[in-house]
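Spelled out, the chains give:
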Amino acid sequence: MSITRRQFLTTTTSLATAVSVPYFGWQKKTLADESQSKNDRVSIGLIGAGGMGLGNLRAASQWVDVVAIADADAGRASAANNTLSDGKAKEYADYRAILDRKDIDVLHIATPDHWHTKPLVEAMLAGKDVYCEKPLTLTIDEGKLIRKVQKETGRVVQVGTQQRSQFEEFVKAIAMVADGRVGKIKKVTAAIGAGPTCGPLPTVTPPAELDWDRWLGPVPAVDYRYFRKPSSGKKRARPNTNCHYEFRWWYEFSGGKLTDWGAHHVDIAVWALEQAGQAGEHGGPTGIGGKATHPVPFKNGMPVDRDRYNTATAFLLTATYPENVELIIRHDTDNGVTIEGDKGKIFVNRGKLVGAPVEALADDPLPEDAIAKVYKNLPMEADGRKAHWATFLNCVKTRKDPISDVHSHMRALNVCHLAGISARLGRDLTWDATSEQITGDNEANAMLSRPYRKEYKINMG
Ligand SMILES: NC(=O)c1ccc[n+]([C@@H]2O[C@H](COP(=O)([O-])OP(=O)(O)OC[C@H]3O[C@@H](n4cnc5c(N)ncnc54)[C@H](O)[C@@H]3O)[C@@H](O)[C@H]2O)c1
C-alpha cells in the first residue's frame, strides 16, 4: 500500500525537521488551492483519448478543463468527452486542429508509442507545453530531434514517467543513493516482467469509427488484426489486436516490455547512476548485450511472422557503464529496481523500499534537503496519481524544467532502445554515448531510426 506524503516525510527525515521541509509546501498556498479559482484553471487539449489519456486527465481534473479532444477513433473521442468534459469539449479526428487553437497552451499526448514524436515536435513548434506519455519515442533518433526542438523552443515538456513523483519510494531511494547510503554502485537491476504471446490473429475490417490509416500514421501500413475469445460466464475476455492497448506487443508500434516498463524502471536505474556520478561523462553505457526470446523468428532484426505479438517475451540484457558497472534489464516477476553498492543493497518498487541501508535510516535519517535536491527543488503539492500532474502544471507556471524532462528520459530510454536492437539482432553492441551511434555495426546503427510514411512526415514549420 502506498504511504502518504506526510508518512513518507516522517520516515525520511526526523519528525522534528519534517514539518519545515519547504519542498512539500504543506503550509503554503498550493497549486490545488489556487486552482479553486475558475480563472486559474488550465485549458487542455488531449491527443489520444485511450486508457492513459483518460486516467491522467481524471487525475488532473482538479486543475484542468479538457476543451479539445483528438482521437483517430471517433468512438473514443466521444466517450472521453462525456467522461472528462460532460460532452462540452470539441472533438477532432486530426490533432493538428488543436495545435492551431490559440486558446490552448497545454497539451496531453497519450497516443500509442509510434504516434508520440510527430505531434510532440509539432506542438512544441506551435508554442505548446506538453505532458507526453512514456516511452517518449519509438527510436533513438526521434529522441535526438525532440531534445533539439525542446532546447530551441524552451517549451515545458514532461514525460509520463510518474514513478518519479507518484511513488515516494523511488524518490527516497534516489535520495539515499545521492547521499551515499549504498556506497559506490556496482550493479543496478531493473526487473520489468515478461512480455505476452498470442496465436495468429485474423485480419478483419476495422470498426467504422476507427480511422485505421490515421491510427497507423507514420509507420508502414499493415492490416488491422483483432480477435476476442468468446466470453465464459461473467468474465469478458480481453481482445488480442494490433491496435488499442495491445499495440505494445508489436515491434511495428512499440518496443514491447523493454520500452513499455523499461521506460519506468530503467529510468530509475539510470537516475540512480546519475545521482551517484556513475553514468559516465556523456550519460550513457559503453555497450549492451545478452539474451532475449521472441515469440516469432527474427531475420536481420525484423520479425518474420507479422500476424501475432512479436516483441521479446523473456530477456536478460546488460548495459555496461564506465568501470564495469552493470545495468541489467531482466524479465523476472519481482518487478522493481535493485541497487547494489559497496555499502549495501536496496530494492525499490511501487510500494516497497527495503534493504539494510533503509533500516539504518531509523538511527541516521537523511539530511533535511536530501529529497528536495534529487527532486530538483521543485514543489510537490499533491499525492498519488495527481502528483506528477501537479509538478508538471507548476512547471508550466514557473517555466522550470520538470522532474521527468525529455533529456533525462532519453538517457534512460536510449538504453531500452539499445536493448531492443541488441535483442532483435541477437548480438552485443558497442555504444558511443558522445556521438550517440552504435559503432562497428552498420546494420544495428541503421536501426536508430525508422522511415516515416511520406503523408505523415513531421512538419518542421
Ligand atoms: N505512464 C504510465 O504508467 C502509462 C500507463 C499506460 C500507458 N502509458 C502510455 O500511454 C500511451 C497510450 O497507451 P494506452 O494504454 O492509453 O493506449 P490506448 O490504445 O488505450 O490509447 C491510445 C489512443 O490514442 C489514439 N490514437 C492513435 N493515433 C492517434 C492520432 N493520430 N491522433 C489522436 N489519437 C490517436 C487511439 O485511437 C487510442 O484511443 C502509450 O504510449 C503507453 O505506453 C503510460
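Use the structure listed above.
Residues numbered from 1 in each chain as written. Predicted model: local features only at pLDDT ≥ 70, side-chain atom pairs only at ≥ 80, totals over all residues. Heavy atoms only, no water.

A. Seen up close, the sheet that holds strand β15 (residues 336-341). Read across the open sheet, the nine strands follow the order β17-β16-β15-β7-β14-β13-β10-β18-β19; overall the sheet is mixed. Lying at the two open borders of the sheet, with one neighbouring strand each, are β17 (352-354) and β19 (437-439). In this sheet, adjacent strand axes meet at a mean angle of 20° when their direction is disregarded. By the bridge criterion, five bridges tie strand β7 (residues 185-191) to strand β14 (residues 325-330) in an arrangement that is parallel. (Pairing = 2+ DSSP bridges. Helix = DSSP H or I, 4+ residues; strand = E, 2+ residues; numbered from the N terminus. Axes fitted to C-alpha atoms, helices over the stretch in contact; angles between N-to-C directions.)

B. Layout of unusual backbone geometry. The omega torsion across K134 and P135 is -20°, close enough to zero to call that bond cis. Looking at where P135 falls in the secondary structure, it is placed in the loop between β5 (129-132) and α8 (140-153). One non-glycine residue, Y245, lies in positive phi territory at about 60°. Secondary-structure assignment places Y245 in the loop between β9 (240-241) and α12 (257-260). When its relative accessible area of 37% is taken as the criterion, Y245 is described as partly exposed. For E323, which is not a glycine, the phi torsion comes out positive at approximately 60°. (Buried < 20%, exposed > 50% of the residue type's maximum accessible area, 1.4 Å probe, protein only.)

C. Region of interest: the side chain of R453. Along the chain, R453 turns up in the segment after α18 (442-445). Given the relative accessible area of 14%, R453 is considered buried. Within the structure, R453 has its side chain in polar contact with the side chain of D213 (distance 2.9 Å). Look past the residues within four positions of R453 in its chain and what remains in contact with it is D213, L216, G217, P218, V219, P220 and A221. (Polar contact = N/O pair within 3.5 Å; in protein donor to acceptor, adjacent residues only side chain to side chain. Contact = heavy atoms within 4.5 Å.)

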